[in-house]
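Residues per chain are reported as follows:
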Amino acid sequence: MLIGYLLIDLSGDKLIDYFIYFIVFSFHFIANNRVLHLTHEELYTRIGRWTLALSVLAGWVLYNFTETTELNIAFFSAFLTGGVILNILNDELPVEKNSSYPSFVAGLVIITVLLQVIL
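Reading the values: the criteria
- Residues numbered from 1 in each chain as written.
- Predicted model: local features only at pLDDT ≥ 70, side-chain atom pairs only at ≥ 80, totals over all residues.
- Heavy atoms only, no water.
- Core = buried A, V, L, I, M, F, W, Y, C linked by side-chain atoms within 4.5 Å.
- Buried < 20%, exposed > 50% of the residue type's maximum accessible area, 1.4 Å probe, protein only.
- Helix = DSSP H or I, 4+ residues; strand = E, 2+ residues; numbered from the N terminus.
- Expected span 1.5 Å × (residues − 1).
- Bend = angle between axes of the 7 residues up to and from the residue.
- Phe/Tyr/Trp six-rings, centres within 6.5 Å; stacked < 30°, edge-to-face > 60°.
- Patch = residues over 30% accessible without salt bridge, like charges linked within 9 Å, V, L, I, M, F, W, Y side chains within 5 Å.
- Areas by Shrake-Rupley, 256 points an atom, 1.4 Å probe, with all protein chains shown as cover.
- Salt bridge = Lys/Arg side-chain N within 4 Å of Asp/Glu carboxyl O.
- Contact = heavy atoms within 4.5 Å.

> Run through the nonpolar core, naming residues and quoting values.
Membership of the largest hydrophobic core is limited to 12 residues, which are Ile3, Tyr5, Leu6, Leu10, Ile20, Tyr21, Val24, Phe25, Tyr63, Ile73, Leu80 and Val84. For this core, the secondary structure elements donating two or more residues are α1 (2–11), α2 (15–39) and α4 (70–91).

Written out as structure tokens, the structure is:
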């Protein structure tokens, strides 16, 4: 829901900024989709993926119909970033999952550069 809520504020006014935001969070969605499908296959396929998709839309609607402050945006951005980092550390780096540290660092650098372009 936070991704949808922060979409307008973090992505700026230009179309390229929305595209970069889309690319950055697509990586997050792809990784989470894989993990959730592997751990909760039937439940995730039946209702989980639809719930997550609708929550992004609900966050966007909530942003458009409520007032927000810079402090709220900063807090929500930090919370979202922390959640993404925890997911990455939990799901992508453990040795038992045949993880690739160089791939992790490359992805980290690419996403950092993309986020700096739009922020």
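Anyway, onward from the coordinates.
> How would you sum up helix α3 (residues 41–65)? Please name residues and give values.
End to end, α3 covers 35 Å across 25 residues, agreeing with the expected 36 Å (1.5 Å per residue, within 8%). For α3, the principal kink sits at isoleucine 47 and spans about 45 degrees.

> Tell me about the packing of aromatic side chains, and please be specific about residues and values.
Taken as a whole, this structure holds four aromatic pairs when the rule is applied. By way of ring pairs, the aromatic residues Tyr5, Tyr63, Phe75, Phe76 and Phe79 are connected into one cluster.

> Describe a nonpolar patch on the surface, listing the residues and the values that go with them.
Taken together, the side chains of Leu54, Leu57, Trp60, Val61 and Phe65 define a hydrophobic patch exposed on the protein surface, amounting to about 540 Å² of accessible area. Among the secondary structure elements, leucine 54 is positioned in helix α3.

> Quick one: what's the story with the environment of leucine 114, residue by residue and with numbers?
Here leucine 114 lies in helix α5 (residues 101–118). Through-space distance from the C-alpha of leucine 114 to that of histidine 37 is 27 Å; in sequence the pair is 77 residues apart.

> Just give me the short version of the environment of tyrosine 44, but keep the residues and values in it.
As for its position among the elements, tyrosine 44 is in helix α3. Among the residues examined, tyrosine 44 registers a relative accessible area of 10% and is labelled buried. For tyrosine 44, the residues in contact, after removing those within four places along its chain, are Asn33, Leu36, His37, Arg49 and Leu52.

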